[in-house]
Every structure is written in C-alpha cells, then in structure tokens.
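Chain by chain, the residues:
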Amino acid sequence: MGASAEPARSRRAGRSMPDRVDESHIVERIYSAVMEHRLPPAQKLSELKLCEAFGVGRMRVRRALLLLSDQGIVELESNRGAFVASPSRTEANEIFDARSVLEPAIAKQVAAEISSANLAMLKQHVLLEDEARESGKGADLIRLSGEFHVKLALASGNSVLRRVVRELVTRSSLIVGLYGTSNRTVCPDHEHSDMLGEIERGDSDAAAAQMFEHLIGIRAGLDLSTTRPEESDLKDILGLS
C-alpha cells in the first residue's frame, strides 16, 4: 500500500489535476523569478513539483517549459529534464555584444520619435525603480532594472525588438546570477533616469551613447572566472508555499 502511494500521486499530478492556471501564468512566474535572481541558473525544474506548485497537469507544465525554452530561459535535456539556462562564458560575452549593438540603436530611435504616452510609461517605470530602491525591495529593484530595457524596446513600437530584448535581458539576469560581483547586481541608481532625460530632450546621439556606456558598466561587473550555482526549493522560489 505505502510503496504504491507515491506513483499514484505522481500519476494524478500528471493527468487528473485540474488546471487552475494557464501556461502563460507559469511562464511569467518563472520569468519573474529569474529576473529577480530568485531562481538560479542550472536549477532543475521538476515537472512533478511544478504540477504540484501550480495545481496543473503535466501537459500544461510541459507547454510552459517549451515556451520558456524558446525564449532561452530554460534548457531541455533529453532523459534529464528541464533546467534554468546556465549561459557559458562565451554566451555571456555574445549576449552583451548583442545588447551593445542593439540597445543603443533602440535608444537612439526612441529619442528621435518617442510619444508622450511612451515617455510617461518610462517615467512611471523609473519612479517604480526609485520606490523599490528607497524601500529596500531588492528583488523588485533587480526585476524592474531589467524591465526598463524591455520597456524601452516596447517604446520603439517594434514587437520583434521587444521580444529579442526581453530574451537578452532575461539571459543577462542569469549571467549576473552566475558571474556578477556583489557591487553590480542591478543597474546603477541614476543611469536610467539620466538616459530618460536625454530621450525626453530628443538627443538621440546622447541617449545612444549613454545606453552603450550603461551596458559597458554592467558588463564590467562580471567576473567570468567564477560561478556561484545554488539550488533552492521551487515552491519557495516561486512564492507558492
């Protein structure tokens, strides 16, 4: 009786558990946990534990993991399962090379043609960063710092750029989790505000230059000679305990 109870629970979790949330909710919770550095690189994402944590069936979890894999957030390994992506040193350099080419161009474009609505959106976001910093909400600040870059891409009006930047920023968060030094865990206090000032003034070249220097500074905070992998309980990480 006791020996068969666990397999029975596993089968119920995989097949008959009612799906109370859809895969987009699972994707966003895992995305947020990565952005806030709560979910570390190389963390195993057990399908069974995710089923139990979210109250969904195995197929819904698998669809969510496939979506996360497409975004470069999760790595799916044959016969081993799903793991949070763990970028190599080469990948870390390539990702920041890509950001240094792409994001200054986005900042330049946005400064040249930003709408009042998008300017207000970015100002509100910077205020949220300031509030998180002042109230000591470290996890929120880390997430918001990364999302500023995604919102800037959103302000360009190009949905493809937004998706690409979102993936690059998320993978950058994993890179900081692996290789970041303690003094550069988030974007520096004033740099987003300064960049936004150049955008509001319509100074495209200055906005692009500030973005480039901003990314150089983040990259300088990486130590590619060391890593700090760690694992924690999935329910705790995802705030589902």
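What counts as what
- Each residue is numbered by its place in its chain's sequence as written, counting from 1.
- At least 70 in pLDDT is required for a residue's local features to be given in this predicted model, at least 80 for side-chain atom pairs to be given and counted, and no such filter applies to totals for whole chains, interfaces and linings, which use all residues.
- Note that the side-chain values use all heavy atoms of the structure and ignore hydrogens as well as water.
- Helix and strand definitions follow DSSP, with helices as H or I runs of at least four residues and strands as E runs of at least two, each counted in order from the N terminus.
- By definition in these notes, contact holds between two residues if any of their heavy atoms fall within 4.5 Å.
- Per-residue accessibility takes into account occlusion by the displayed protein chains alone, with areas from the Shrake-Rupley method and a 1.4 Å probe.
- DSSP-based pairing: two strands are paired if at least 2 bridges between them are found.
- pLDDT is a residue-level measure of predictor confidence that goes from 0 to 100.
- Helix axes use the C-alpha atoms of the stretch in contact, all axes being lines fitted to C-alpha atoms, and the angles between their N-to-C directions lie in the range 0 to 180 degrees.
- An angle counts as roughly parallel when it lies under 35 degrees, as roughly antiparallel when it exceeds 145, as roughly perpendicular when it falls between 65 and 115, and as oblique in every other case.
- Relative accessibility decides the category of a residue: with a 1.4 Å probe and only protein chains considered, values under 20% of the type maximum give buried, values over 50% give exposed, and everything between is partly exposed.
- N or O atoms within 3.5 Å of each other form a polar contact, as long as, within protein, one can give a hydrogen and the other can take it, and as long as residues adjacent in sequence are counted only when both atoms are side-chain atoms.
- Ring pairs are drawn from Phe, Tyr and Trp, using the six-membered ring of Trp, whenever the two centres fall within 6.5 Å, and their geometry is named by plane angle: stacked under 30 degrees, edge-to-face over 60, tilted for the rest.
- Distance and angle both matter: a charge sits over a ring if NZ of Lys or CZ of Arg is within 6 Å of the ring centre and within 35 degrees of the ring normal.
- Nine residue types can take part in a nonpolar core, namely buried Ala, Val, Leu, Ile, Met, Phe, Trp, Tyr and Cys, and a core is a set of them joined through side-chain atoms within 4.5 Å.
- Helix span, expected: 1.5 Å multiplied by one less than the number of residues in the helix.

Student: So what's going on with the overall build of the protein chain? Which residues, and what values?
Tutor: Check the secondary structure of the protein chain and you find 11 helices and three strands. Each helix and strand of the protein chain, placed in order from N terminus to C terminus, yields the pattern α-α-β-α-α-β-β-α-α-α-α-α-α-α. Considering only contacts in the protein chain between residues 6 or more positions apart, those separated by 24 or more positions represent 78%. When the accessible surface of the protein chain is summed, it comes to about 11800 Å², and 51% of that surface belongs to carbon and sulfur atoms.

Student: So what's going on with the sheet that holds strand β3 (residues 81-84)? Residues and values would help.
Tutor: Strand pairing within a sheet occurs via backbone hydrogen bonds; the two strands may be parallel or antiparallel. Across the sheet, three strands lie side by side as β1-β3-β2; this open sheet has antiparallel pairing. One side of each edge strand has no neighbouring strand; the edge strands of this open sheet are β1 (44-45) and β2 (74-77). For β1 and β3, the ladder comprises two bridges, and the chain directions are antiparallel. If you follow Lys 44 over to β3, its bridge partner there is Phe 83.

Student: Which residues make up the confidence of the model for the protein chain, and what values do they have?
Tutor: Looking at the protein chain, the pLDDT average stands at 86 and 83% of residues meet or exceed 70. Of the regions scoring below 50 in pLDDT, residues 1-18 engages in 18 contacts with residues more than four places distant in sequence or in other chains.

Student: Go over the packing of helix α2 (residues 23-35) against helix α8 (residues 159-179) with me, naming the residues and quoting the values.
Tutor: Look at α2 against α8: their axes get within 8 Å of each other, and the N-to-C directions meet at 50 degrees. Between α2 and α8, the angle falls in the class oblique. Of the residues in α8, those in contact with Glu 28, Tyr 31, Val 34 and Met 35 of α2 are Arg 166, Val 169, Thr 170, Ser 173 and Leu 174.

Student: Give me the side chain of Ser 156: which residues, what numbers.
Tutor: With respect to the helices and strands, Ser 156 occurs in the loop between α7 (138-155) and α8. Looking at Ser 156, the relative accessible area reads 10%, which means it is buried. Separated by 3.2 Å, the side chain of Ser 156 and the backbone nitrogen of Asn 158 make a polar contact. Discounting residues that sit within four places of it in the chain, Ser 156 has contacts with Ile 106, Gln 109, Val 110, Glu 113 and Leu 161.

Student: Help me get a handle on the packing of aromatic side chains, residues and values and all.
Tutor: Enumeration over the complete set of coordinates arrives at zero aromatic pairs. The ring centre of Tyr 31 lies 3.8 Å from the NZ or CZ of Arg 166, which sits over that ring.

Student: Help me get a handle on the nonpolar core, residues and values and all.
Tutor: With 58 residues, the main nonpolar core has Ile 26, Leu 45, Leu 65 and Leu 152 as its most contacted residues. At nine residues, α8 tops the list of elements feeding residues into this core.

Student: Can you explain the environment of Ala 111? Please cite residues and give values.
Tutor: Mapping Ala 111 onto the fold places it in helix α5 (residues 89-113). The sequence separation of Ala 111 and Gly 202 amounts to 91 residues, and the corresponding C-alpha distance is 4.8 Å.

Student: Any chance you could break down α8 for me, citing the residues and the numbers?
Tutor: Counted at 1.5 Å a residue, the expected span for α8 with its 21 residues is 30 Å, and the 30 Å between its end C-alpha atoms agrees. With a side-chain oxygen lying 2.9 Å from the backbone nitrogen of Val 160, the N-terminal cap of α8 falls on Asn 158.

Student: Go over the environment of Arg 171 with me, naming the residues and quoting the values.
Tutor: With respect to the helices, strands and loops of the structure, Arg 171 is situated in helix α8. By relative accessible area, Arg 171 is classed as buried at 12%. A sequence separation of 130 residues divides Arg 171 from Pro 41, and the C-alpha atoms of the two residues are 9.6 Å apart. Excluding its chain neighbours within four sequence positions, the residues that come into contact with Arg 171 are Gly 72, Ala 85, Pro 87, Glu 91 and Ile 95.

Student: An account of the pairing of β3 is requested, with residue identities and associated values reported.
Tutor: Bridge count between β2 and β3: four bridges; the pairing is antiparallel. Among the inter-strand pairings, Leu 76 is bridged to a residue of β3, identified as Ala 82.

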